[in-house]
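Chains, contacts and geometry: an overview
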Amino acid sequence: MLPPLPLDKVPPKAEPGKPLYTRRPTQRQRPVLDKREIEGERKLHPTRQRPGAGRAAAAVIAPPEPRAPRDVTITEGITIRELAEKLDVRAKELLKTLLDRGVFASINQALDVPTATTLAEAFSGVVNVVSLEEEMVLEVAKEETKESLKPRPPVVTVMGHVDHGKTSLLDAIRSEDVAAGEAGGITQHIGAYKVQVNNRSVVFIDTPGHEAFTRMRARGAKVTDIVVLVVAADDGVMPQTKEAIDHAKAANVAIVVAINKIDKPEAQPERVKRQLADNGLLPAEWGGDTEFVEVSAKQKTGIEKLLETLLLVADLRELKANPDAPATGTVLESRVDKGRGPVATILVQNGTLRPGDFFICGAVFGKVRAMFDDHGRTVQDAPPSTPVEVLGLQGVPEAGDNFQVTDEAKARHIVEYRQGKQRDAALARTSGARITLDQLHEQLKSGDVKELGIVIKADVQGSVEVLSEMLPKLSTDQVKLKIIGSGVGAVTENDILLASASGAIVIAFGVRPDRKAMDLAQQEHVDIRTHNIIYEVSDEIKKAMEGLLEPVIQETYVGRAEVRNTFRVKGAGTVAGCYVVDGVLKRDAQVRVVRDGAIVYTSKLSSLKRFKDDASEVRTGFECGAGIANFNDVKVGDILECFQVTKLSAADAAAQSTAPASRR
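Residues numbered from 1 in each chain as written. Predicted model: local features only at pLDDT ≥ 70, side-chain atom pairs only at ≥ 80, totals over all residues. Heavy atoms only, no water.

1. Topic: the overall build of the protein chain
From N to C terminus, the protein chain includes 16 helices and 28 strands. Relative to its full complement of 664 residues, the protein chain shows a buried share of 47%. In the protein chain, 71% of the contacts between residues at least 6 apart in sequence involve partners at least 24 apart. For the protein chain, the exposed area adds up to about 35,000 Å²; of that, 50% sits on carbon and sulfur atoms. (Helix = DSSP H or I, 4+ residues; strand = E, 2+ residues; numbered from the N terminus. Buried < 20%, exposed > 50% of the residue type's maximum accessible area, 1.4 Å probe, protein only. Contact = heavy atoms within 4.5 Å. Areas by Shrake-Rupley, 256 points an atom, 1.4 Å probe, with all protein chains shown as cover.)

See below:
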């Protein structure tokens, strides 16, 4: 047994709630770092203390100095990565700022302009918003030198009042008859033509003269260098003449006045000069700065003097462009060609366009597959001031859109963003009860109609644009006209379904509905109105709203036949070998020639034969030979649409609206 321990070595008894042994102090205590720094941001990568730092307290980090203002150019659809590069900040800082505002985004996500602007301003950015086309032009302008700029042909726009002889004057210059092919003898599309004058080129743009085409004429003035203002010597200054002067002055372009029709006995050129002097165009012979040339498009007099004057004015303006830059230009017109797809008429304003170039125009992306000049010949390059037809578009661009050659990836990104915006806007449509123009006034009197939807289909984009701008202006306090859909090409089943769902009417300008669309329109009771002259559309809708519709010309569909061969018969012209696809082909009925969904000609059948015998009618499934009165340009693949016309009063037409046929 061990002896007991001395009293001084006996361990003390533990008191309740206290440890028996006290813990030794650690040899070295590491400083505690706050997880958040003073400015409130999380420190993502804390740094280790150096060995031997001892027990020093954590260093206090001073807040960052405010960023200096930085100029930033923002384009639509800019991504967070691109914005971070322009602001010279880390992309994660932009993502965190968006996250704090409740916006979840990835580094490659496209931002709309308001979001990108507020985000850039949060990092001291001074924002300048431009489109992709404007940004490309600014980049090219920075690199241009005096040596890179070369002389280019002048672009001349022919403007003036309707029926003052603009197209006839252009015909005299390029010796082609265009006015005869226009509906009603007025120009309804923009055409661009290149003319050789004394081994030099001059590009002419012919713009329509009717007041409904104000926007198209304004677009013509924006792409031009010189405006030829055509004024009839026997008519004088008219409202559209004054509009043309305003457009030319707003675009800051030179004006050359061509006083046309001086061969007429009632011509008064001096009166025209006095009227134009009152409108700010003082003739050079009177001490002013505007050149006046007296011409006669019919007699082809004064044409050479006009061309010499245009070249002189162009030399004074020293027109130059850089042919080595990426091509830029303007879409003058666009349409859908059944065999070639979307086709756009483009005026190249800077750079040189070549096959294989990727481009963007509005919300349409494309690659130049082929180019054609104004004579339909294939060209391999289009230098500045050259109008060309371009194939290879993935859609139909808006007339007036900027055309810009750029790299493929950037063009696709911007187009996807713009198309997304267009889809969002297209979803905002209203629906209502179906209505026809004949019923419009009756429902207006009872106070039922508040909004009338319209679906527009036309042969070219320019006409769609004009109708979309003109028709809403006809709205009154009782009824509001709203464009719920528009497009280029024949009326299709989708257009009828859209009109049916929205209670709208269909305006077909220069095009016809296909057979399936016509049947669907009858089933859905959708009113289709076809027109070929622009101001008849506005007149009809005005009269419908006022209850003044004249007797309705109602068409009754009879049948249609497909042209499978053509024969030249002496004394009878061209005879079409046809196969009746639907209905009946009647000899006493009217017939229209439809090619690629557009009406080519309307007339009567001059002859109808089965083998060698005359026939009064040919039914479905049989072949026949048909001659069309005063028309020999029928081609294989054309559709002969047979119809009969009857006149009904507006009241009778409204009564029959429960089962309407397609109407004129």
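2. Structural notes on the pattern of salt bridges
Counting across every chain of the model gives 21 salt bridges. Aspartate 234 serves as the salt-bridge partner of lysine 264, at 3.3 Å between the closest nitrogen and oxygen. Of this pair, lysine 264 sits in the loop between strand S8 (254-260) and helix H8 (269-278) while aspartate 234 sits in the loop between strand S7 (226-232) and helix H7 (239-250), placing them 30 residues apart in sequence. Exposure remark for lysine 264: the relative accessible area of 33% places this residue in the partly exposed category. Of the charged contacts, one joins glutamate 389 and arginine 340 as a salt bridge, the two residues approaching to 3.4 Å between their closest N and O atoms. Here the residue glutamate 389 occupies a position in strand S15 (residues 386-393), and arginine 340 occupies one in the loop between strand S11 (328-337) and strand S12 (341-350), the gap between them amounting to 49 residues. Under the relative-accessibility criterion, glutamate 389 is labelled buried at 19%. (Salt bridge = Lys/Arg side-chain N within 4 Å of Asp/Glu carboxyl O.)

3. Concerning the packing of aromatic side chains
Geometry of an aromatic ring pair is reported as the spacing of the ring centres plus the angle between the planes. Scanning the entire structure with this criterion turns up three aromatic pairs. With 6.0 Å between their ring centres and 15° between their planes, phenylalanine 358 and phenylalanine 365 make a pair best called stacked. Plain terms: the ring middles of tyrosine 601 and phenylalanine 631 are 4.8 Å apart, the flat faces sit at 15° to each other, and that makes the pair stacked. Linking tyrosine 601 in strand S24 (residues 598-610) with phenylalanine 631 in the loop between strand S27 (623-628) and strand S28 (639-648), this pair joins segments that are 30 residues apart in sequence. The aromatic ring of tyrosine 557 is capped on one face by arginine 515, whose charged end is 3.6 Å from the ring centroid. Across from the ring centre of phenylalanine 643, 4.0 Å away, lies the NZ or CZ of arginine 592, which sits over that ring. (Phe/Tyr/Trp six-rings, centres within 6.5 Å; stacked < 30°, edge-to-face > 60°. Lys NZ or Arg CZ within 6 Å of the ring centre and 35° of its normal.)

4. Structural notes on the pairing of strand S17 (residues 451-458)
Here S17 lies mainly inside the structure; seven of its eight residues are buried. Of the strand pairs in this sheet, S17 and strand S18 (residues 480-488) are connected by eight bridges, and their pairing is parallel. Paired with isoleucine 454 across the strands is isoleucine 483, a residue of S18. (Pairing = 2+ DSSP bridges.)

5. Some details on unusual backbone geometry
Residues other than glycine seldom take positive phi values, yet aspartate 88 does so here, at roughly 60°. Looking at aspartate 88, the relative accessible area reads 53%, which means it is exposed. Its identity as a non-glycine residue notwithstanding, phenylalanine 611 has a phi of 55°, on the positive side. For phenylalanine 611, the position within the fold is in the loop between S24 and strand S25 (613-614). The exposure class assigned to phenylalanine 611 is exposed, which follows from its relative accessible area of 74%.

6. As for the sheet that holds strand S20 (residues 528-531)
One open sheet holds the four strands; their spatial order is S18-S17-S19-S20, and the pairing between them is parallel. The open sheet terminates on both sides in strands that have one partner only, identified here as S18 and S20. If you compare each strand with its neighbour and ignore which way they point, the axes differ by 25° on average. Relative to strand S19 (residues 504-509), S17 is paired through six bridges, and the arrangement is parallel. (Axes fitted to C-alpha atoms, helices over the stretch in contact; angles between N-to-C directions.)

7. Thoughts on the environment of alanine 258
As for its placement among the helices and strands, alanine 258 is situated in strand S8. Between the C-alpha atom of alanine 258 and that of isoleucine 303, which follows or precedes it by 45 residues, the distance is 9.6 Å.

8. A closer look at the sheet that holds S11
Taken together, the six strands give a closed barrel; going around it, the order is S11-S12-S15-S14-S13-S16, and neighbouring strands pair in antiparallel fashion. With direction set aside, neighbouring strand axes in the sheet form an average angle of 45°. Here four bridges tie strand S13 (residues 358-361) to strand S14 (residues 364-372), and the two strands are oriented antiparallel to one another. From the neighbouring strand, phenylalanine 358 faces S14, where its bridge partner is lysine 367.

9. Remarks on the packing of helix H1 (residues 80-87) against helix H2 (residues 91-100)
Interhelical geometry of H1 versus H2 gives an angle of 115° and a closest axis separation of 8 Å. As for the relative orientation of H1 and H2, their crossing is right-handed in sense. Along the contact surface, H1 presents Ile80, Leu83, Ala84 and Leu87, while H2 presents Ala91, Leu94, Leu95 and Leu98. Here the residues of the contact of H1 with H2 sort into eight nonpolar, no polar and no charged. (Left-handed = near helix turned anticlockwise from the far one by under 90°. Nonpolar A, V, L, I, M, F, W, Y, C, P; charged D, E, K, R; others polar.)

10. Points about helix H9 (residues 303-317)
Two residues of an α-helix separated by three or four positions point the same way, owing to the 3.6 residues in each turn. The end-to-end C-alpha distance of H9 is 22 Å, a good match for the 21 Å that 15 residues give at a rise of 1.5 Å each. Considered for burial, the residues of H9 that qualify are Ile303, Leu306, Leu307, Thr309, Leu310, Leu311, Val313 and Ala314. Residue glutamate 318 follows H9 closely and has a positive phi angle near 50°. (Expected span 1.5 Å × (residues − 1).)

11. A few points about the nonpolar core
Counting 28 residues, the largest nonpolar core has Leu169, Phe204, Leu306 and Leu310 as the members making the most contacts within it. Mapped by element, the contributors of at least two residues to this core are strand S4 (155-160), helix H5 (166-174), strand S5 (191-197), strand S6 (200-206), S7, S8 and H9. For this core, the leading source of residues is H9, giving seven residues. Once you skip the residues sitting within four places of it in the chain, leucine 310 turns out to touch Val156, Phe204, Ile226, Val228 and Val256. Membership of the second largest hydrophobic core comes to 22 residues, among which are Val580, Val593, Phe631 and Leu640. (Core = buried A, V, L, I, M, F, W, Y, C linked by side-chain atoms within 4.5 Å.)

12. Things to note about the confidence of the model for the protein chain
For the protein chain, the mean per-residue pLDDT works out to 76, and 77% of the residues sit at or above 70. pLDDT under 50 marks residues 209-213. Its contacts with residues more than four places away, or in other chains, come to 21 contacts. In the model, residues 658-664 has pLDDT below 50 throughout and makes 26 contacts with residues more than four positions away in sequence or in other chains. (pLDDT = per-residue confidence, 0-100.)

13. Some remarks on the packing of H5 against H9
Interaxial distance between H5 and H9 falls to 10 Å at its minimum, and their mutual angle equals 90°. With respect to their mutual orientation, H5 and H9 come out roughly perpendicular. Counting all contacts with H5, which are made through Leu169, Ala172 and Ile173, the residues of H9 involved are Ile303, Leu306 and Leu307. A per-class count over the contact of H5 with H9 returns six nonpolar, no polar and no charged. (Parallel < 35°, antiparallel > 145°, perpendicular 65-115°, else oblique.)

14. A word on H2
What H2 keeps buried is the set Ala91, Leu94, Thr97 and Leu98. Projection of H2 onto a plane perpendicular to its axis shows the buried side chains occupying an angular sector of 120°, all on one side. On its buried face, H2 sits against H1 and helix H3 (113-122). (Arc of directions from axis to C-beta.)

15. What to know about the environment of glutamine 422
In this fold, glutamine 422 is placed in helix H10 (residues 408-426). Between the C-alpha atom of glutamine 422 and that of alanine 363, which follows or precedes it by 59 residues, the distance is 8.4 Å.

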